[in-house]
Structures are given as C-alpha cells and as structure tokens.
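# Results of the structural survey
Letter by letter, the chains look like this.
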Amino acid sequence: MQNLKQMSNQDKVGLAGGHRACAGCGFPQIIKMIYGQSQAPVVTTCATGCMEIATTIYPFTAWRGNFIHSAFENSAATISGIETAYKALKKQGRLPAEQEMNFVAIGGDGGTYDIGLQALSGAMERQHNILYICYNNEAYMNTGVQRSSATPQGGHTTTSPAGKVVPGKIQFPKDLTAIIAAHDVVYAGQASVGFHIDLMRKADQAFGMVGPKFMNVYTPCRLGWGSDPAQTLEIARLAVETCLWPLYEVAEGRWKLTRKIKEKKPVTEFYKTQNRFRHLLKPENEELVKQIQEEVDRRWHDLLQRCGEGA
Amino acid sequence: MEKAIETMSSPRSAGKAEPRKATLARTGNEAMAEAMRQINPDVCAAYPITPATEIVQIFANFVNDGLVKTEFITVESEHSAMSACIGSASSGARTMTATSSQGLALMYEMLYIAAGYRLPIVMAEVNRALSSPINIHCDHSDTMGGRDSGWIQIFSENAQEAYDNLIQAVRIAEHPDVLLPAWASTDGFIISHGMENFELYPDDAVRQFIGEYKPAFTLLDNRKPFTLGAADLQDFYFEHRRSAYEGMRAAKKVILEIGREFGDKFGTAYGFFEGVHLDDAEVVMVALGSTAGTGRVAVENLRQRGIKAGLLKLRVFRPFPAEELVQALAHVPAIAIMDRSDSFNAQAGPLATEIKAALYDAGQYPKIINYIYGLGGRDIHFRELEQILEQTLKAGKPNDLNSRVVYWGVRE
Ligand SMILES: Cc1ncc(C[n+]2csc(CCOP(=O)(O)OP(=O)(O)O)c2C)c(N)n1
Ligand code: SF4
Ligand SMILES: [Mg+2]
C-alpha cells in the first residue's frame, strides 16, 4: 500500500486541483486515496452526478488519466466495454504486451443503488476485471438533494421532506454491499472517507485482485446534509462509530469486519451534526428514533455474526 | 451531384471485377450474421430480441467456434449493450451490435451519445413495431424513432442488400470525414426470416474491402490522457452538436463513393436510392425496405396495362438525400409516399414529411398522397400497391388531411 507520505509525493494521481466540488466535499479525497493505490494507469468511467459535473466542465477536466462519462445508469456497462476492448486488442497484439491498466467505474449512490443497479449487477455477474466505486452521499445531490435508496431512514431530502405527517424518508437504506457480495465478486468492501488508512488498504487489496471488485465509500455532502464543511471527516467517522455505516469487506467470500466498534454511539450523536435530521431530535419523533436505533443494532448484530465476531 | 444521379438510377448495375462468390439460401438474419462474421469486429455487445435474436445467436456460435476474433459481451439489456459499445468504441475497438424494436427503444438515450462522441459503431437492425400493444412484426416505427439521433440509417429490400449494406456501413461509419454510428436494417420476418438466394463474397475480399480500423482516439492510450463526455454548457454544446451535422453532410459523398467501390469489387453498386421506370413515370411510389420489392411487381403489372407507373426505393434515410431525390422526382406529377410507421404529428408519416420538405425547398409541388400502411406487420399485396398507384394517379390534388394521408387497409 502507498502510505500518506508516499502519496503526498505522487503528482499526476486521480484529480488535479481546481475542480468545482464544494469546500468540504468528501469525494475528491476518495479519488486521491483510491487512485494512489493503483500500480497501473487507470481508465475511468463516471456516471452522471455531482462528481462528473464538478470535475469536467468543458473545456476543463480535473482527471489526470483517461476518462469517459456517458450517462447516469451505465457506468458499469461502459467500463465493461472498455475492459473488453482492452482484452480484445491485447489478445490481438495491438497493445504493447507490457501495458497494464486498471479499469474503474464510478457512480454516486443514485447511479449505483438505483438507476444503475441493473448494469452493475450485469457487469459483476459477467466477471469483468474492474473496480466499481460507489461514492455514497446518501441522496441525489446533483439534481438538488432527492432521496435515493441509500438515504437513511428519517432523512430529510427534497423528495422525502420532513413534513407535518411524514418525518422524512420512510424506509431503511438498502444493503447494496451485501447485494453485490452475493454476486460472488472477488471483492466487495464498505469504506468511508473518514478512515483513510482503511480506505487505502481496501483499494490496494482490490487493485491487487483479478475479477469484479466493488467498493461502497461513504462521503458526506455538506450541501445535502446541511453540515459544517469543516466537519466532513468527523461526521463520516461518526457514521461508522454509530454503526450506521459499518466498515467491512467480503474478499473471496470471507466476511471481515475491518473496524471494530467497542462503544457504539447512539444514532442521535450523528443526527446532531446535520440539518437533514434536525426534525428527528424533536420529542414527537422519539419513538421513530428508537425504532431506527433498534434496527441499526439488529443489523450490526447480524454483521458481527456474519464476520464471525460473535456478540 | 451528377455522379450521384448516375449511381442512384442504376444502383444494381454490374460492376467490373467480380470475385468468386458462393450462392446460398439464407434468411436476412443469417445474411447479416455472415456479414458480421466477415467484418470480424473486435467487440460485440448485444442482447436478444425477436426478430433479431438469431443474428445474436448465430454470431455467438461464430465466437464460440473460433470463427471470429471478437470478444462478445453478453450484456443484461440493450441499454447496457449500447453503453458497452460506447466504452469499447472509445477504446479503439471496432464494435458492433444488433437489435430491434423495444431493444432499439431502450438504447434511445445511448444512440444520441454514440453519435455525439462520433463513434463508428455499426448495428444490424431488424425493423419491428413498437409497443403498445406489443407486436413482433415488421414496421418502421423503431428505426424512425431514432431518426434524429445522428445515426446513419440504411434500409434493405432483401437479404442480399442487408448483407451488402452492413458491410458498407462499416466503411461509411469509420470514414474520417464521417465518424458517425450506422445501422443497416431489414424488415422483421419479411426479410429477417424469409429464405432467399444470397451471394456470399469471399471472406478475404470482404476483409480487404473493409480494411483495418484506425481509431481517431482511444482511452487505452494513456500517453496523452483525455476526457470524453465532459459537461458541456451554453458556451460549447452547440458547436459540438453541430459537428455531427458536418459528419452527416460528408456522409453523402462517402456513401456514394463506397457504394461505387462496392460495385467495382462485388458487382453491385449502391446509391442513395434506386429508380424503376422513373424516366417517363406519371405516378411514382416511394417506399422503403421490402415493400419496394413488392412495388417492382406492381409497377411492371401497371406498365403492361399501359399505366406509366414508377418506383423509387429509398435506401439511405439518414443522411436524407434531399437534393438528389427532388431531382429524380422533378418531372413526376403524382407521388404515393409509403410510410410503414406513423409520426403522430397528425400531418404526415416520417418519410412523407421529409420528402415534402425537400420538394418545397426545390419549388416543386407535385400531387402527393401519403399512405400509412402495414403497421404491426399487416401484409401489403402487390395488387394493393397497384391500386394505390392508380388511385394516386386519378385523385385530384388533396386539399385536406383525410385526402393527404390515407391509412391504408385499416378497419375504421
Ligand atoms: C436517465 C437519467 N435520469 C435522470 C437524470 C438526472 N440526474 C442526473 S444526476 C442525478 C442524481 C445523481 O445522484 P447520485 O448518483 O447519488 O450522485 P450525486 O449527484 O449525489 O453525487 C439525476 C437524478 C439523468 N441525468 N439521467
Ligand atoms: S453538492 Fe455535495 S456532493 Fe456535490 S460537490 Fe457539493 S458537497 Fe460534494
Ligand atoms: Mg448521491
């Protein structure tokens, strides 16, 4: 693994400065941490979304390597075509024999959990040698903060508003990492921008494996979450410490918890840091918060079992 | 332009050198699959749909029997098929797909993107009606739905043309002045499943004709990294879209050059369209695809009865050969335009809309009746086409919607 010190000496990795992501946005760091682990040049596809818009407004681009965006729901399908073209041309001797490349597809939670799930499932099932990265900011930020199936229960978005009758999003987020792990991929991992070493280690491991790899990386959005941009990393860590976003991986079928939580913090600790949960802290939503806490506890317990941690 | 006319009025003229050919009995789907085998693309991403499924199946056999070098991506949808094609073509691989109807409709979003990125993807398309209601038979609603997507569109009258057109489509699409995706289409079941005599050209002759693919750019070359598909706003988007128009304009010249070269090599030259008894015609039917074959019989029958009927079979719909078409129709007083799809603009079918616009620009105002026919595979008999031609000849100049657009054979 390239450590932080080594990475600080790398120029030409991932994104160049000057892109248009908001101050305090988590995703530029994700790219830096992950791309720093690649031993070979990376070809990137990115779904439509905040990252693609913030990094590529013509005639500028922040991408140091070859990059293509084509649509919202097809990052995984597009990378399938690129990786296959590489295979075809390599086989025919039309690429230098020594040339190595990594193929990375990126999508937001909307582009991955929702509209792009079919293409992702297809690409994983076909066993392309790719790494798919979902940068999960728990809503459709690019279009103005609408709910996705990754939005937490009770979360306020513009399509799951905290109203007088319905207090934000009704459903618990779907467990996409487990869904992808069920595709028998070589690697599926859940990471967070708040834990750099864990994130980098996972990327390093994924790049070292042949076959379909998936990383679901948690990243706060100060705009959509109503949070302090200076607190991005603390908030990302709080999600892990409350067990709302456990860090684990499934490598070659083996489930492993990569960050143990000795003292689980209550979900309200996390809620306090963001406007999207403000309504949940009111007395009338006490019961709802209790239910959410129970569900978080139950899922955490299940995960520990799966990872052979007992509890 | 002169040359264009010369080619178009004798598109099936004998060429010079004819390489050894094999005469076989083949369906349209088999013929297109054979073309794909000979084209031998680097990558193919496709998904089955009636009536194009066979193309994909036959090609999968070619792949698994080692008859082609192609990497075949068995995608989980047509949207992903076209997305994968875009990824592959952006990576410098010669890339093909096949689809029909709902499959093409599901690709719709990506069709525009393929053209916008100027990727010479080639598609074997089989024309089929669009839902709803669901129907698996021929009409042209599917490809007409993609007519403004920036793809080159070529219709085929029979299996031979489907094969010939698909081969030429590769050259047209990849031409440096064009660089646009292209499909060659057949009529569902009528051609796709109809067995016909068909001449297969030798593999090496086809491969030589197509030549090596030299991509304009590739994502697999990291010496000079680039970004494709950046967000493009008010200041540049217009220019980028306009560049596809330049490619389409250039395609007109290229299509004729390649059609002529094809004739020299394989014996059948191709143009934008083909005329039958156009020279002295008093009434002409304009048709696409298999109906042109039926129209040939109708026209000959009418000629025997002393009626000066003619046929114009349009082969290339995109780019639309407006100038050449109006020239070919300049002396024709009555025209029956056959549309096997409806545009639901409550004015005319897509083919009639285009031809009328072209005639207006040329200052020509013949009598035109637009026949919308054959939706969902409803058969059209040569006797009906005779009737249509006679009726068009006799009718007064239409003066309202009902006389301008006739829904032929529909039960009211
Ligand atoms: C087919 C299609 N539907 C809808 C959109 C509009 N759209 C663009 S980005 C986006 C949301 C992106 O959300 P996410 O994937 O979570 O990325 P984020 O913006 O949050 O980073 C939507 C709805 C689109 N571009 N294409
Ligand atoms: S809106 Fe959110 S996701 Fe988008 S750039 Fe800003 S902080 Fe990042
Ligand atoms: Mg999002």
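Here the structure is a predicted model, which is why all the values come from computation and not from measurement.

### Points about the coordination of the magnesium ion (ligand 3)
Each pair of donors in an ideal four-coordinate tetrahedral metal site encloses 109.5 degrees, whereas pairs in an ideal six-coordinate octahedral site enclose 90 or 180 degrees. All names here are of chain A. Here the magnesium ion (ligand 3) is held by the protein donor atoms Asp 109 (OD), Asn 137 (OD1) and Ala 139 (O), which lie 2.0 to 2.1 Å from it. Written as a sequence motif, the donor residues of the magnesium ion (ligand 3) are D-x27-N-x1-A. Here Asp 109, found in helix H5 (residues 109-114), pairs with Ala 139, found in the loop between strand E4 (131-136) and helix H7 (176-181); they are 30 residues apart in sequence, far enough to count as distant. Comparing Asp 109 with Ala 139 shows no difference in burial state: the two are buried.

### Let's talk about the packing of helix H4 (residues 78-90) of chain B against helix H5 (residues 101-116) of chain B
In a packed pair of helices, the relevant descriptors are the angle between the two axes and the axis-to-axis distance. Residues and elements named next belong to chain B. Contact geometry of H4 with H5 gives a least axis separation of 7 Å together with a crossing angle of 25°. Here H4 lies roughly parallel to H5, going by the angle between them. Here H4 and H5 pass one another in a crossing that is right-handed. Within the contact between the two elements, H4 uses Glu 78, His 79, Ala 81, Met 82, Ser 83 and Ile 86 and H5 uses Gly 103, Leu 106, Met 107, Glu 109, Met 110, Leu 111, Ile 113 and Ala 114. Of the residues assigned to the contact of H4 with H5, the class counts are 9 nonpolar, 3 polar and 2 charged.

### Structural notes on the environment of Lys 252 of chain B
Residues and elements named next belong to chain B. Structurally, Lys 252 is set in helix H9 (residues 237-266). Separated by 66 residues in sequence, Lys 252 and Arg 318 have C-alpha atoms that sit 9.0 Å apart. Residues contacting Lys 252, with those up to four places away along its chain left out, are Phe 272, Pro 319, Phe 320, Pro 321, Ala 322, Glu 323 and Glu 324.

### Overview of the domain arrangement of chain B
Residues and elements named next belong to chain B. Looking at chain B, the domain boundaries give domain 1 (12-266) and domain 2 (273-407). Taken residue by residue, the interface counts 29 residues in domain 1 and 29 residues in domain 2. Between domain 1 and domain 2 the total buried area reaches about 2200 Å² when both faces are included, carbon and sulfur atoms providing 54% of it. Summed over the three residues of domain 1 that lose the most area to domain 2, namely Arg 147, Glu 157 and Lys 252, the buried surface amounts to 27% of that side. Notably, a salt bridge pairs Lys 313 with Glu 161, separated by 2.4 Å at the nearest N-O pair.

### A few points about the site of ligand 2
Neighbouring ligand 2 are the residues Ala 21, Cys 22, Cys 25, Phe 27, Cys 50, Asn 137, Cys 221, Arg 222 and Leu 223 of chain A. The class makeup of the residues in the shell around ligand 2 is 7 nonpolar, 1 polar and 1 charged.

### A few points about the site of ligand 1
For ligand 1, the set of nearby residues contains 18 residues, the closest of which are Gly 110, Gly 111, Tyr 135, Met 141 and Asn 142 of chain A. One finds residues of chains A and B in close proximity to ligand 1. At 3.0 Å from an oxygen atom of ligand 1 is found a side-chain nitrogen or oxygen belonging to Asp 109 of chain A. In isolation ligand 1 has 580 Å² of accessible area, and contact with the protein removes 78% of it. Here the shell around ligand 1 gets 3 residues from one element, more than from any other, and that element is H5 of chain A.

### Side note on the sheet that holds strand E13 (residues 316-318) of chain B
Residue and element names in this part refer to chain B. In spatial order, the strands read E3-E2-E4-E5-E7-E6-E13; together these 7 strands make up an open sheet with mixed pairing. The sheet terminates laterally at strand E3 (71-73) and E13, the two strands that pair on one side only. Strand-to-strand twist in this sheet, taken as the mean axis angle between neighbours without regard to direction, amounts to 20°. Direction of pairing for strand E2 (residues 43-45) relative to E3: parallel, over a ladder of 3 bridges. Within the sheet, the bridge partner assigned to Val 43 lies in E3 and is Glu 71. Seen against the sheet, helix H3 (residues 53-64) touches E2, E3, strand E4 (95-100) and strand E5 (122-127) and runs at an angle of roughly 140° to E3. Across the sheet, helix H7 (residues 159-174) is in contact with E4, E5, strand E6 (152-155) and strand E7 (182-187); its angle to E5 comes to roughly 145°.

### Focus on the side chain of Glu 34 of chain B
Within the secondary structure, Glu 34 of chain B sits in helix H2 (residues 28-39). Not counting residues within four places of it along the chain, the set of residues in contact with Glu 34 of chain B comprises Arg 26, Phe 62, Tyr 163 and Leu 200 of chain B.

### Re the sheet that holds strand E1 (residues 42-46) of chain A
Pairing is mixed in the open sheet, where 9 strands are placed in the order E8(A)-E7(A)-E5(A)-E6(A)-E4(A)-E3(A)-E1(A)-E2(A)-E9(B). Edge positions in the sheet fall to strand E8 (254-257) of chain A together with strand E9 (227-228) of chain B, since each has one partner strand and no second. Contacting E1, strand E3 (102-108), E4 and strand E6 (213-218) of chain A, helix H2 (residues 27-35) of chain A crosses the sheet at an angle of about 155° to E4 of chain A. Against the sheet, helix H4 (residues 75-91) of chain A makes contact with E1, strand E2 (67-68), E3 and E4 of chain A, and its axis sits at roughly 170° relative to E3 of chain A, the strand it touches most.

### As for the nonpolar core
The nonpolar side chains of soluble globular proteins are, as a tendency, buried together. One finds Met 82, Ile 86, Ile 152, Leu 166 and Leu 312 of chain B to be the most contacted residues of the largest nonpolar core, which totals 169 residues. Per-domain counts for this core show at least three residues from each of domain 1 (12-266) and domain 2 (273-407) of chain B. Leu 166 of chain B has contacts with Met 32, Ala 35, Met 36, Ile 39, Met 96, Val 122, Met 123, Ala 124 and Ala 184 of chain B, leaving out every residue within four places of it along the chain. Core analysis: the next-biggest nonpolar cluster, separate from the first, contains 37 residues, Ile 30, Met 51, Phe 67 and Val 104 of chain A among them.

### Let's talk about the environment of Lys 12 of chain A
Among the secondary structure elements, Lys 12 of chain A is positioned in the loop between helix H1 (4-8) and H2. Each C-alpha atom of the pair Lys 12 of chain A and Arg 64 of chain A lies 5.9 Å from the other, and the pair is 52 residues apart in sequence.

### A short note on the packing of aromatic side chains
One pass over the full model with this rule turns up 30 aromatic pairs over all chains. Measuring from centroid to centroid gives 5.2 Å for Phe 27 of chain A and Tyr 135 of chain A, while their planes differ by 70°, and the two rings are edge-to-face. Here Phe 27 of chain A is found in helix H2, whereas its partner Tyr 135 of chain A is found in strand E4, with 108 residues between them in sequence. We classify Tyr 135 of chain A as buried; its relative accessible area is 2%. Aromatic ring contacts, followed pair by pair, group Tyr 163, Phe 198, Tyr 201, Phe 209, Phe 262, Phe 266 and Tyr 270 of chain B into a single cluster. Note that Arg 276 of chain A overlies the ring of Trp 225 of chain A, its terminal NZ or CZ placed 3.8 Å from the centroid. Here Arg 171 of chain B stacks its cationic end above the ring of Phe 209 of chain B, 4.8 Å away from the centre of that ring.

What counts, and where the lines are drawn
Residues numbered from 1 in each chain as written. Chains lettered and ligands numbered in written order. Predicted model: local features only at pLDDT ≥ 70, side-chain atom pairs only at ≥ 80, totals over all residues. Heavy atoms only, no water. Donors = N, O, S within 2.8 Å, 3.2 Å for Na, K, Ca; no water. Helix = DSSP H or I, 4+ residues; strand = E, 2+ residues; numbered from the N terminus. Buried < 20%, exposed > 50% of the residue type's maximum accessible area, 1.4 Å probe, protein only. Axes fitted to C-alpha atoms, helices over the stretch in contact; angles between N-to-C directions. Parallel < 35°, antiparallel > 145°, perpendicular 65-115°, else oblique. Left-handed = near helix turned anticlockwise from the far one by under 90°. Contact = heavy atoms within 4.5 Å. Nonpolar A, V, L, I, M, F, W, Y, C, P; charged D, E, K, R; others polar. Domains from an automatic or database assignment. Buried area = accessible area lost by both parts, 1.4 Å probe. Salt bridge = Lys/Arg side-chain N within 4 Å of Asp/Glu carboxyl O. Near = heavy atom within 4 Å. Polar contact = N/O pair within 3.5 Å; in protein donor to acceptor, adjacent residues only side chain to side chain. Areas by Shrake-Rupley, 256 points an atom, 1.4 Å probe, with all protein chains shown as cover. Pairing = 2+ DSSP bridges. Core = buried A, V, L, I, M, F, W, Y, C linked by side-chain atoms within 4.5 Å. Phe/Tyr/Trp six-rings, centres within 6.5 Å; stacked < 30°, edge-to-face > 60°. Lys NZ or Arg CZ within 6 Å of the ring centre and 35° of its normal.

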